[in-house]
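Below, each chain spelled out in residue letters.
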Amino acid sequence: MLATNSKTDKYCGPLRALILDWAGTVVDFGSCAPVAAVIEAFRSLEVPVSREQARAPMGKAKREHIRAMLSEQAVASQWESTHGGDIESAIDTVYERFLPIQRQLLADHAKLIPGCVESIDRCRARGMKIGSSTGYTRELMDILMPLVAEQGYEPDAMVCASDMSEGRPAPWMCFENARMLGVYPPQAIVKVDDTLVGIEAGLNAGMWTVGVASSGNLVGLSLQEYSDLDTSEQERLTDAARQQLLQSGAHVVIDSVAELTDAIEQIEDLRRR
């Protein structure tokens, strides 16, 4: 005899944790360091790439980021005409050139995004734990984390793409954060990210998601570059980023981490309704 149960359990407790991305979300306004490192790695190998080409795969683990770029027809054609060879050897070559360049650039792009510490403090006051995930390797984060800790930001958990067998948009970094934080079910957790694959990873993990627009990769300008724009141009670029994040499935979109507690309250309202 087949037995069925129509009851569906729904989590009705409070939001208990955040999982935040790094570059473009809490540090490095505009996510400039990884883009600069990727561009320089290709340039040093006589294959110039644009900012747009370097930004397109942002959020993926860095090897996969490079793989995605080398799979793009224009970049692949330039690489083949200059170096030839198969794609796997090309990925290895670019990645090995990328890592030391990224190490050199991290310290120059280690400033927290304005309002980060205050927002995290407010979330902790609500009883929330703070996790984090990144496309950077553990080696790179060993450089970045002490620089950020000096500014007052220390998450309770940190998971790198190099810790997992597969990076974003797979949910594994989200699940590992949940395990390290001791928080479940997924509906008690909010994933915060400025990249489309980061939002997708949160959704794949069954978590609430918050997209970050103006400080993130989709606008892609440093704080100084963004501040130098007139208000109408800032709004045009930010609105385009908001729409992309919403279309990717983000439940709420904010301009920067400074508005994080507003997003938490919006999600709480969505849950009540």
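What you see is a predicted model, and the numbers here were worked out from it, not measured in a lab. (Residues numbered from 1 in each chain as written. Predicted model: local features only at pLDDT ≥ 70, side-chain atom pairs only at ≥ 80, totals over all residues. Heavy atoms only, no water.)

Novice: Help me understand the overall build of the protein, please; the structure alone is not making it clear to me.
Specialist: Across its full length, the protein carries 12 helices and 6 strands. Taking 19 Å as the expected radius of gyration for a compact globule of 273 residues, we find that the protein reaches 19 Å, a close match to that expectation. Judged by the C-alpha coordinates and their principal axes, the protein covers about 60 × 60 × 35 Å. When the 273 residues of the protein are sorted by exposure, 49% land in the buried category. Look at the contacts in the protein between residues 6 or more apart in sequence, and 74% of them connect residues 24 or more apart. Summing over all exposed atoms, the protein offers an accessible surface of approximately 12,600 Å²; the carbon and sulfur share of this is 50%. Within the protein, one finds 26 positive and 39 negative side-chain charges whose respective centroids are separated by 7 Å. (Helix = DSSP H or I, 4+ residues; strand = E, 2+ residues; numbered from the N terminus. Rg over C-alpha atoms; globule rule 2.2 N^0.38 Å. Buried < 20%, exposed > 50% of the residue type's maximum accessible area, 1.4 Å probe, protein only. Contact = heavy atoms within 4.5 Å. Areas by Shrake-Rupley, 256 points an atom, 1.4 Å probe, with all protein chains shown as cover. Lys, Arg positive; Asp, Glu negative; His and termini not counted. Charge placed at Lys NZ, Arg CZ, Asp CG, Glu CD.)

Novice: Sorry, what's going on with the sheet that holds strand β1 (residues 17–20) here?
Specialist: Where strands meet in a sheet, backbone hydrogen bonds hold them as pairs that are either parallel or antiparallel. One open sheet holds the 6 strands; their spatial order is β3-β2-β1-β4-β5-β6, and the pairing between them is parallel. Bordering the open sheet on either side are β3 (159–160) and β6 (252–254), each of which pairs with just one other strand. Of the pairings in the sheet, the one linking strand β2 (residues 129–134) to β3 comprises 2 bridges and is parallel in character. Residue pairing for β3: Ser133 is matched across the bridge by Val159. Helix α11 (residues 231–247) rests against β4 (189–193), β5 (208–212) and β6 of the sheet, and its axis sits at about 155° to β6. (Pairing = 2+ DSSP bridges. Axes fitted to C-alpha atoms, helices over the stretch in contact; angles between N-to-C directions.)

Novice: Help me understand the pairing of β5 in this model?
Specialist: Regular strands place their side chains on alternate faces of the sheet. Of all 5 residues making up β5, 5 are buried, and the element is well covered by its neighbours. Side chains of β5 alternate between two faces, with Trp208, Val210 and Val212 and Thr209 and Gly211 buried alike. Judged from the 4 bridges that link them, β4 and β5 form a sheet pairing that is parallel. Across the sheet, Asp193 pairs through a bridge with Gly211, a residue of β5. Pairing geometry for β5 and β6, over 3 bridges, is parallel. Within β6, the residue paired with Val210 across the bridge is Val252.

Novice: Is there a simple way to explain the side chain of Ser119 in this structure?
Specialist: Position of Ser119 among the secondary structure elements: in helix α6 (residues 116–125). In this view, Ser119 contacts Val257, Ala258, Glu259, Leu260 and Thr261; residues no more than four positions away in its chain are not counted.

Novice: Whenever I open this one, helix α3 (residues 62–71) confuses me. Can you help?
Specialist: It helps to recall that an α-helix has 3.6 residues per turn; residues three or four apart then point in one direction. Of the residues making up α3, those classed as buried are Lys62, His65, Ile66, Met69 and Leu70. When α3 is viewed along its axis, its buried side chains cluster within an angular range of 130° and face the same direction. Against the buried residues of α3 lie α1 (32–44), α2 (51–55), α4 (73–82) and α5 (87–106). (Arc of directions from axis to C-beta.)

Novice: Quick question: what am I supposed to make of the pattern of salt bridges here?
Specialist: Side chains carrying opposite charge are able to pair once their charged atoms draw close together. Per the counting criterion, the structure on display carries 18 salt bridges. For the salt bridge of Arg63 with Asp92, the shortest nitrogen-to-oxygen distance reads 2.9 Å. Note that Arg63 is positioned in helix α3 and Asp92 in helix α5, a separation of 29 residues in sequence. A relative accessible area of 28% places Arg63 in the partly exposed class. (Salt bridge = Lys/Arg side-chain N within 4 Å of Asp/Glu carboxyl O.)

Novice: Hey, could you run me through unusual backbone geometry in this one?
Specialist: Omega for the bond connecting Arg168 with Pro169 falls within 30 degrees of zero, at 15°, which places this linkage in the cis form. One non-glycine residue, Ser31, lies in positive phi territory at about 50°. Along the chain, Ser31 turns up in the loop between β1 and α1.

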